[in-house]
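Single-letter residue listing:
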Amino acid sequence: MICMAFSIKILGREILGFEKRSTGYTTQHIAQVVQEIMGTGTSAPVNESTAVKLTAFYRAVNLIAETISSIPYNVIKRQDEKRTIDYNHPVQRIVSRRPNPLMNSMQFRYAMTALALMRGGSYARIIRDARARPVELQVFSDPYKVRPFIYENRLFYHIAGEELPVPDENMFRILWTSFDGINPVSPIKAAAVAISKGLSAQSYGEQIFSAGGTRKIGIESPGKLGEEQRKNLSESWINEHADLKNVHKPAILEGGIKIVEIGIKPEEAQLLETENFTVEEIARLYGIPLHMLSSAKASGYNSNEQQNIEFNTYTMNPWYNRWEIESDDKLLYSSEINSHFINLDNTALLRGDSKARIEYMRGRFHLGSITPDEIRQREGDDPTGEPNAQKLFVQAQLVPLEIAGAKYAAEAMKNKTEKS
């Protein structure tokens, strides 16, 4: 049997392997492989620019990015058992105030987080002084121009348009979705079908409402029309009724002509259900409770309160860790790891809930883990200056377990002696 093998390459990748035999050709499915290379086939184009047109998507990205950017971000110094903000540390100005001349700290964190949420990862070049201290963080607005690669077991980044690669120690990176811990995966491309469906539904709804709520119609004639008659009838209808301001004008039909609606009705297309499904898909993608995306399916108040806790625990905590680990690793000397760390203080989120904040402070105060003056400082008040306000307190009725046990044993022995 005669056999000949050859292949076809697209974008430098071998996608088809043909093997010609006397019985014919055996191939892979072309559409499936091309779709894998070019992205998921969808009716509406899906990318960052189109995805943000969905308000649920925009809200999801904005919610996480604003949460990260709005909480305190400081260099913390460990001194004995105390942890205080080190305002004199060289990195404090960068993390808490201005990472670069174009951005303050809040804008920097928002941009880095939003880019990671939309493209799977974000990058900022670390500019260092003669002592290797970071003095500036320059954000790459297009992460796709940054390509990570490994050389001799070290991580580098190739920047489009630059000859020399950037070593990992000089690149501040926030990586979200990645299957190998190095290369980011775009969440938008991963959820392209759901986002495209939402965009298509939004476009369809826009077309319906821009036409005054009317749908595509057909003009039915009892007899056969000539080409000129067809043209005149179509043009006259368009002139009288096609414009949005004319949609409510009465139509005068003569000669047995009828108007017939064609196409799918919005209710039959389940337009509202499709839009709700899109919101649910985006909520699943970013791990956000539905009520935070203003969904019609949001649950009751008690459930929402529990979901808020889950949002902070399961959605935001990983983001806090990403920022803190990368900040410690790239912005501090290795010799400082035992004395300093960089912290995102998520307790600041309690400011919006006075009841939860009071309960949190009361619990810590009764456990002897916070002083009255520390509570005042967290609330933005000046310290009292009273010596007792700088002390820790516990409830008098609480005693260590071993003391309670000793007291119980002593009473038991006393009772036994008295009875004897």
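Refer to the structure above for everything that follows.
Residues numbered from 1 in each chain as written. Predicted model: local features only at pLDDT ≥ 70, side-chain atom pairs only at ≥ 80, totals over all residues. Heavy atoms only, no water.

What to know about the packing of aromatic side chains
Stated formally: Stacked, tilted and edge-to-face pairs are distinguished by plane angle, under 30 degrees for stacked and over 60 for edge-to-face with tilted covering the rest, among Phe, Tyr and Trp rings (Trp via its six-membered ring) whose centres lie within 6.5 Å. Helix and strand definitions here come from DSSP, where helices need a minimum of 4 consecutive H or I residues and strands a minimum of 2 consecutive E residues; each element is numbered from the N-terminal end. A simple rule labels every residue: compare its accessible area, found with a 1.4 Å probe on the protein chains alone, to the largest value its type can have, and call it buried under 20%, exposed over 50%, or partly exposed in between. By definition, being over a ring means that NZ of Lys or CZ of Arg is both within 6 Å of the ring centre and within 35 degrees of the ring normal.
Counted by the stated rule, this structure contains 10 aromatic pairs. Plain terms: the ring middles of Phe-108 and Trp-323 are 5.9 Å apart, the flat faces sit at 80° to each other, and that makes the pair edge-to-face. With Phe-108 in helix H5 (residues 105–119) and Trp-323 in helix H10 (residues 301–331), this residue pair connects regions lying 215 residues apart in the sequence. Overall, Trp-323 belongs to the buried group, its relative accessible area being 0%. Ring pairing ties together the aromatic residues Phe-57, Trp-176, Tyr-286 and Trp-319, which thus form one cluster. For Lys-189, the ring lying beneath its charged end belongs to Tyr-144, and the centroid distance is 5.6 Å. In this arrangement the basic side chain of Arg-322 is found over the ring face of Trp-319, its NZ or CZ atom lying 4.6 Å from the centre.

A word on the pairing of strand S4 (residues 73–79)
Threshold: Two strands pair if DSSP finds at least two bridges between them.
Summarising the sheet, S4 and strand S14 (residues 340–344) pair through 5 bridges and their orientation is antiparallel. Of the residues in S14, the one forming a bridge with Asn-74 is Asn-343. Inspection of the sheet shows S4 paired to strand S5 (residues 82–85) by 4 bridges, in the antiparallel sense. Within the sheet, the bridge partner assigned to Lys-77 lies in S5 and is Thr-84. In sequence, S4 turns back onto S5 through a hairpin of 2 residues, with Asp-80 there showing a positive phi of about 60°.

Quick word on the environment of Pro-184
The test is simple: Residues are treated as being in contact if the distance between any of their heavy atoms lies within 4.5 Å.
Structurally, the position occupied by Pro-184 is in the loop between strand S11 (171–175) and helix H6 (187–190). Filtering out sequence-adjacent residues up to four positions away, Pro-184 remains in contact with Arg-119, Gly-120, Gly-121, Tyr-123, Leu-175, Thr-177 and Ser-178.

What about the sheet that holds S5?
Rules: Between the N-to-C directions of two axes lies an angle of 0 to 180 degrees, each axis being a line fitted to C-alpha atoms and, for a helix, fitted only over the stretch in contact.
Spatially, 3 strands are ordered S5-S4-S14 in an open sheet, and the strand pairing comes out antiparallel. Each edge of the open sheet is held by one strand with a lone partner, namely S5 and S14. Neighbour to neighbour, the strand axes of the sheet diverge by 35° on average, direction disregarded.

Comments concerning the environment of Asn-74
Rules: What qualifies as a polar contact is a pair of N or O atoms within 3.5 Å, subject to a donor-acceptor requirement within protein and to the restriction that residues adjacent in sequence count only when both atoms come from side chains.
Inspection of the secondary structure puts Asn-74 in strand S4. Given the relative accessible area of 13%, Asn-74 is considered buried. Distance in space between the C-alpha atoms of Asn-74 and Tyr-87 is 8.4 Å, their sequence separation being 13 residues. Apart from residues lying up to four places away in sequence, Asn-74 is in contact with Ile-85, Gln-92, Val-95, Ser-96, Phe-341, Ile-342 and Asn-343. Engagement of the side chain of Asn-74 in a polar contact is seen with the side chain of Gln-92, the distance being 2.8 Å.

Brief notes about the packing of helix H3 (residues 55–70) against H5
What counts here: Oblique is the label for every angle not falling under 35 degrees (roughly parallel), over 145 degrees (roughly antiparallel), or within 65 to 115 degrees (roughly perpendicular). Each crossing gets its handedness from the near helix: less than a right angle anticlockwise from the far helix is left-handed, clockwise is right-handed. Under the grouping applied here, Gly and all other residues not named as nonpolar or charged are polar, the nonpolar ones being Ala, Val, Leu, Ile, Met, Phe, Trp, Tyr, Cys and Pro and the charged ones Asp, Glu, Lys and Arg.
Running from N to C, H3 and H5 point in directions that differ by 140°, and their axes come no closer than 8 Å. Classified by the angle their axes make, H3 and H5 are oblique. Of the two possible hands of crossing, H3 and H5 adopt the one that is right-handed. Taken together, the residues of H5 that come into contact with H3 (itself represented by Phe-57, Val-61, Asn-62, Ile-64, Ala-65, Glu-66, Ile-68, Ser-69 and Ser-70) are Met-106, Arg-109, Tyr-110, Thr-113, Ala-114, Leu-117 and Met-118. Looking at the contact of H3 with H5 residue by residue, the class counts come to 10 nonpolar, 4 polar and 2 charged.

Things to note about unusual backbone geometry
One non-glycine residue with positive phi stands out, namely Ala-132, at about 70°. Positionally, Ala-132 belongs in the loop between strand S6 (121–128) and strand S7 (134–139). One non-glycine residue, Glu-152, lies in the positive phi region at around 50°. Residue position: Glu-152 is located in the loop between strand S8 (146–151) and strand S9 (154–159).

Brief notes about the pattern of salt bridges
Rule in force here: Take a side-chain nitrogen of Lys or Arg and a carboxyl oxygen of Asp or Glu: if they are within 4 Å of each other, that pair is a salt bridge.
Across all of its chains, the model carries 8 salt bridges by this definition. Note that Arg-154 is salt-bridged to Glu-169, the shortest N-O span being 2.9 Å. Here the residue Arg-154 occupies a position in strand S9, and Glu-169 occupies one in the loop between strand S10 (166–167) and S11, the gap between them amounting to 15 residues. Here Glu-169 falls in the partly exposed class, since its relative accessible area comes to 39%. Among the ionic pairs, Arg-284 bridges to Glu-281, the shortest N-O distance being 2.4 Å. Pair noted here: Arg-284 and Glu-281 are both in helix H9 (residues 271–286), with a separation of 3 residues, about one helical turn. With relative accessibility at 53%, the residue Arg-284 sits in the exposed group. The class of Glu-281 is partly exposed, set by a relative accessible area of 24%. Salt bridges sharing partners connect three or more residues here, namely Asp-168, Glu-326 and Lys-330.

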